[in-house]
Amino acid sequence: MVYIKRVGKDKRKALFNVIQKYLYEMSKYYGDEMDEDGVYEYRYLPLYFEDSDCSVYFIYDDEAWIGFALLNKYSFTGEEIDNAIAEFSIFPAYRNKGYAMDAIKLLVEERKGSWQLKYALNNANGLYFWKKVKQKYRGSEISLGDKEMVITFNSSQG
């Protein structure tokens, strides 16, 4: 059974470790480079433990940690929103089992209001998944050029 848990500063190291793997995976879509120490910089990471508008959720299936979500209130389009999915990942061993949609449902149920998320158009798996989210929550799409798309929806639409 999938569940989400909001986590705090005590999970900073764990989040840093999985963010490294996530950013490595995302580098093929965004071209991010490692630094000289082999680290992918995620400059916003400290905010998720200091800013009240930012939240870290770990995603579990029973007792197994299977993913994470970073939420904030930053709008990719400038419109006022309640929630934005900044980063979202289900770890590779747990993909294609319905866990991602279950996790999105739980996040949306916990945090009512308007939502936004952004995805890379050249990420075929991400594109497929986020289009399913758009359909489920009757969202709208806005293009950010030829590389990214933003989906906006309201939690009352799902």
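See the structure above.
Residues numbered from 1 in each chain as written. Predicted model: local features only at pLDDT ≥ 70, side-chain atom pairs only at ≥ 80, totals over all residues. Heavy atoms only, no water.

## A closer look at the side chain of Gln 116
With respect to the helices, strands and loops of the structure, Gln 116 is situated in strand 5 (residues 114–120). Separated by 3.3 Å, the side chains of Gln 116 and Ser 75 make a polar contact. Separated by 3.3 Å, the side chains of Gln 116 and Glu 79 make a polar contact. (Helix = DSSP H or I, 4+ residues; strand = E, 2+ residues; numbered from the N terminus. Polar contact = N/O pair within 3.5 Å; in protein donor to acceptor, adjacent residues only side chain to side chain.)

## Focus on the layout of surface pockets
Here the largest pocket is characterised by a volume of approximately 1,500 Å³. Tyr 22, Met 26, Glu 87, Phe 88 and Trp 130 are, among the 48 residues lining the largest pocket, the residues nearest its centre. For the lining of the largest pocket, the secondary-structure elements that each account for two or more residues are helix 1 (12–30), strand 4 (83–90), helix 2 (99–110), strand 5 and helix 3 (124–136). Top contributing element to the lining of the largest pocket by residue count: helix 1, with seven residues. (1 Å grid on protein atoms, 1.4 Å probe; cavity = no way out; pocket = protein on both sides within 12 Å on 5 of 7 lines; lining within 4 Å. Points joined across faces, edges and corners; volume = space filled by probe spheres on them.)

## Some remarks on unusual backbone geometry
Phi at Asn 96 takes a positive value of approximately 60°, unusual for a residue other than glycine. Structurally, Asn 96 can be placed in the loop between strand 4 and helix 2. With a relative accessible area of 84%, Asn 96 lands in the exposed category. The phi angle at Arg 138 is positive, at roughly 50°, despite the residue not being glycine. Inspection of the secondary structure puts Arg 138 in the loop between helix 3 and strand 6 (140–143). (Buried < 20%, exposed > 50% of the residue type's maximum accessible area, 1.4 Å probe, protein only.)

## A word on the sheet that holds strand 3 (residues 64–72)
Strand order in the open sheet formed by seven strands is 1-2-3-4-5-7-6, and the pairing between neighbours is mixed. A single partner strand is all that each edge strand has here, and the edge strands are strand 1 (2–7) and strand 6. Across this sheet, the average inter-strand angle for adjacent strands is 30°, counted without regard to direction. Sheet strands in contact with helix 1 are strand 2 (55–61), strand 3, strand 4, strand 5 and strand 7 (148–154), and its direction is about 75° off that of strand 3. Most of the contacts of helix 3 go to strand 5, to which it runs at about 160°, and overall it touches strand 4, strand 5, strand 6 and strand 7. (Pairing = 2+ DSSP bridges. Axes fitted to C-alpha atoms, helices over the stretch in contact; angles between N-to-C directions. Contact = heavy atoms within 4.5 Å.)

## Side note on the packing of helix 2 against helix 3
Here helix 2 crosses helix 3 at 40°, and the two axes come no closer than 11 Å. In terms of orientation, helix 2 lies oblique with respect to helix 3. Helix 2 and helix 3 meet at a crossing whose hand is right-handed. Contact residues: Ala 100, Met 101 and Ile 104 in helix 2; Phe 129, Trp 130, Lys 132, Val 133 and Lys 136 in helix 3. Looking at the contact of helix 2 with helix 3 residue by residue, the class counts come to six nonpolar, no polar and two charged. (Parallel < 35°, antiparallel > 145°, perpendicular 65-115°, else oblique. Left-handed = near helix turned anticlockwise from the far one by under 90°. Nonpolar A, V, L, I, M, F, W, Y, C, P; charged D, E, K, R; others polar.)

## Topic: the nonpolar core
Core analysis: the biggest nonpolar cluster contains 27 residues, and Phe 88, Ile 104, Trp 130 and Val 133 have the highest contact counts within it. When residues of this core are traced back to their parent elements, those giving at least two are strand 1, strand 2, strand 3, strand 4, helix 2, strand 5, helix 3 and strand 7. Per-element tally for this core: the top contributor is helix 2, with seven residues. Apart from residues no more than four positions distant in its own chain, Ile 104 is found in contact with Ile 85, Phe 88, Phe 129, Trp 130, Val 133 and Tyr 137. Core analysis: the next-biggest nonpolar cluster, separate from the first, contains 20 residues, Leu 23, Met 26, Tyr 42 and Cys 54 among them. (Core = buried A, V, L, I, M, F, W, Y, C linked by side-chain atoms within 4.5 Å.)

## Topic: helix 3
When the terminal C-alpha atoms of helix 3 are compared, their 19 Å separation across 13 residues agrees well with the 18 Å that a helix rising 1.5 Å per residue should span. Listed as buried for helix 3 are Gly 126, Phe 129, Trp 130 and Val 133. In a view along the axis of helix 3, the buried residues occupy a sector of 95°, so they form one face of it. Seen from the open side of helix 3, the exposed residues pointing more than 90 degrees away from its buried face are Ala 124, Tyr 128 and Gln 135. Of the surrounding secondary structure, the elements contacted by the buried residues of helix 3 are strand 4, helix 2, strand 5 and strand 7. (Expected span 1.5 Å × (residues − 1). Arc of directions from axis to C-beta.)

Honestly, that's just the spatial picture; any functional story needs more than this.
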